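# Structure assessment
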Amino acid sequence: MKEYSTNRHVRQRMVEFLGGASLEQATAVYLTRCDLVRYDRLDLKKPVELDYFLDNALDVGRSLWDRDGLLADLDIEYVNFDFPAEPYLDPARSFFLQEPVVAAVKEMLSGLGMEFLHLVSGRGHHFVWRVPWGSAAFARLGRLTEGFLTRLEGHKATIAGLEESVAADWYRAFTGLGLVMEYLALELKGAASGQCALPVELSAVATGPGARGREIVSIDITEYGDPLQTRMLRMPFSIYLKPWIKDIGLDRQTAGRIPTLIMIPEDHLEPPEMIRTMQSPHEAARLAERTTTSIPAAASAMEQLLDRYLRSDLRRFHAWFYNQHHQPHGNWPETYDRIPLDMLPGCVRRIILRPNDLLLVPANIQLLVRTLLALGWHPRHIAGLIRSRYERDHGWGTYWLTYDAADRADFYTRLFTAQFVTGKDDLVDYNCVSTQEKGLCPATENCSGLEDLNRSLLARRASGRLGSEPFNTVLVPPDQG
């Protein structure tokens, strides 16, 4: 791998992906290792230090934060909750299962006239494009959040002793981009779900067991739930070390069966050739000689996507979501802390009582959001409750000094509520049996009662009574729908 990592064509393609004609002119703010436990400011390096990663045959990613504009990243990947090594051991199957979603992405983006860079990695696909700073699209993204955002303080990053902040206009635009990417993801879920053999989920939400365990195709837009400076993109032609860096429970024998993996541009390769190239440093280096990794500017297409979003039911939902505000810290004892735990099924109650780490798991957040919606809570106050658990002392350490508790709580609550409100989620898996199959209901807990909550939530949607009783927790009988 040392010979591969120092190949001049590989290096050129990485420089190209960083923006600018040279490392000194790179528009990426920083470089870092991929798949670390979490973002750490001490691990960041300047783009001119690229050779540190290459000389040591390390994986390398670039900041999502770019000096010349916003980078949009649509991440499609296969996820298996029971056998995490599955996509690495049988890549042909995992890529085949993603094809309906990938086809929907290409059709939708092409219909917008969107140019994008298509990358493939060990578990799936990335579609990347750029919204230049100073473009009309960038300005419009910022205006999307007017009336929504109340906190505009800059987020900071320290790179080799140099401290930089994300300016307020960039924070607004990045948040606006997250709203539009949520719209795109919901449309893709609707278009692809009927064609895909696996459940299509937004983020890594556990489902019931399939042919090879609990497996899904994820449209992962979770990077838009965290501060801009904390997220990164794996570099094309970087070696791919996720199976060994992430703790996915590999035994020595399984680890030995996983081949070398390299992130590459899709470059119109047929799946067998694509997989072969990803697994061969020699073939990947040859691809680096003839391909491109520049990230296309797509301001005009982004404006078309903005127009569609502004006409959508999702935009109307976002306006409703943000018409409420989190309760101030001083009000928590009289509001969020008084949630009647005795009304909650055991599988939900345990999430409230043990937020670290249950309230970091998307499927648990989805379960909590559905339950409180069924009891009449406004979704912004559900986010406020989640934030109140994030910001209390539950052994988080410095976690919420790095990430933003309020933004994270808003993002996941908004994402799961939007799917229900816009009709993309009819609660077919919101019941006791499905919850047990997902592994969210330990045998020691009483998980009865979800069926009544399911009926209540559907009745609320049918009668327009969502969010009508934020702290009173009232079940609505089906005949009142």
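Residues numbered from 1 in each chain as written. Predicted model: local features only at pLDDT ≥ 70, side-chain atom pairs only at ≥ 80, totals over all residues. Heavy atoms only, no water.

To continue, consider the sheet that holds strand 4 (residues 117-120). Ordered in space as 8-9-3-5-4-11, the six strands form an open sheet in which the pairing is mixed. The open sheet has two free edges, formed respectively by strand 8 (200-201) and strand 11 (264-265), since each of these has just one partner strand. Bridge analysis of strand 4 against strand 5 (residues 124-132) gives four bridges, and the strand direction is antiparallel. Bridged to His118 within strand 5 is Phe127. This element, helix 5 (residues 91-111), spans strand 3 (69-80), strand 4, strand 5, strand 8 and strand 9 (215-220) of the sheet and lies at about 25° to strand 5. (Pairing = 2+ DSSP bridges. Helix = DSSP H or I, 4+ residues; strand = E, 2+ residues; numbered from the N terminus. Contact = heavy atoms within 4.5 Å. Axes fitted to C-alpha atoms, helices over the stretch in contact; angles between N-to-C directions.)

Right, let's talk about the nonpolar core for a bit. Leu74, Trp129, Leu141, Ile264 and Met302 are the most contacted members of the largest nonpolar core, which totals 148 residues. Ranked by residues supplied to this core, first place goes to helix 7 (residues 168-192) with 14 residues. For Leu74, the contacting residues outside a window of four places in its chain are Val105, His125, His126, Phe127, Trp129, Met181, Leu184, Leu188, Ile219 and Ile221. (Core = buried A, V, L, I, M, F, W, Y, C linked by side-chain atoms within 4.5 Å. Buried < 20%, exposed > 50% of the residue type's maximum accessible area, 1.4 Å probe, protein only.)

The next subject is the packing of helix 16 (residues 362-374) against helix 21 (residues 450-463). Taken N-terminus to C-terminus, the directions of helix 16 and helix 21 make an angle of 65°; their axes are 8 Å apart at the nearest point. For the crossing formed where helix 16 meets helix 21, the hand is left-handed. Between helix 16 and helix 21, the contacting residues are Leu367, Arg370, Thr371, Leu373 and Ala374 on the first element and Leu450, Leu453, Ser456, Leu457 and Arg460 on the second. Class assignment of the residues belonging to the contact of helix 16 with helix 21 gives a composition of six nonpolar, two polar and two charged. (Left-handed = near helix turned anticlockwise from the far one by under 90°. Nonpolar A, V, L, I, M, F, W, Y, C, P; charged D, E, K, R; others polar.)

In the segment running from Asn356 into Asp357, the intervening peptide bond is cis, with an omega of 25°. Inspection of the secondary structure assignment puts Asp357 in helix 15 (residues 355-358). Notably, Phe237 is not glycine yet its phi reads approximately 75°, a positive angle. Locating Phe237 in the fold gives a position in the loop between strand 10 (232-234) and helix 8 (242-245). Despite not being glycine, His268 shows a phi value in the positive range, around 65°. With respect to the helices and strands, His268 occurs in the loop between strand 11 and helix 10 (271-278).

Evaluated as defined, the whole model comprises 33 salt bridges. Linking Glu187 and Lys424 is a salt bridge whose minimum nitrogen-to-oxygen distance equals 3.9 Å. Taken together, the residues span a long stretch of sequence, with Glu187 in helix 7 and Lys424 in the loop between helix 19 (405-421) and helix 20 (432-437) at a distance of 237 residues. A salt bridge links Arg461 to Asp426, with the shortest nitrogen-to-oxygen separation between them at 2.7 Å. Residue Arg461 is located in helix 21, and its partner Asp426 is located in the loop between helix 19 and helix 20; the two are separated by 35 residues in the primary sequence. When salt bridges that share partners are traced, they join Glu86, Asp90, Arg93, Arg212 and Glu215 into one network. (Salt bridge = Lys/Arg side-chain N within 4 Å of Asp/Glu carboxyl O.)

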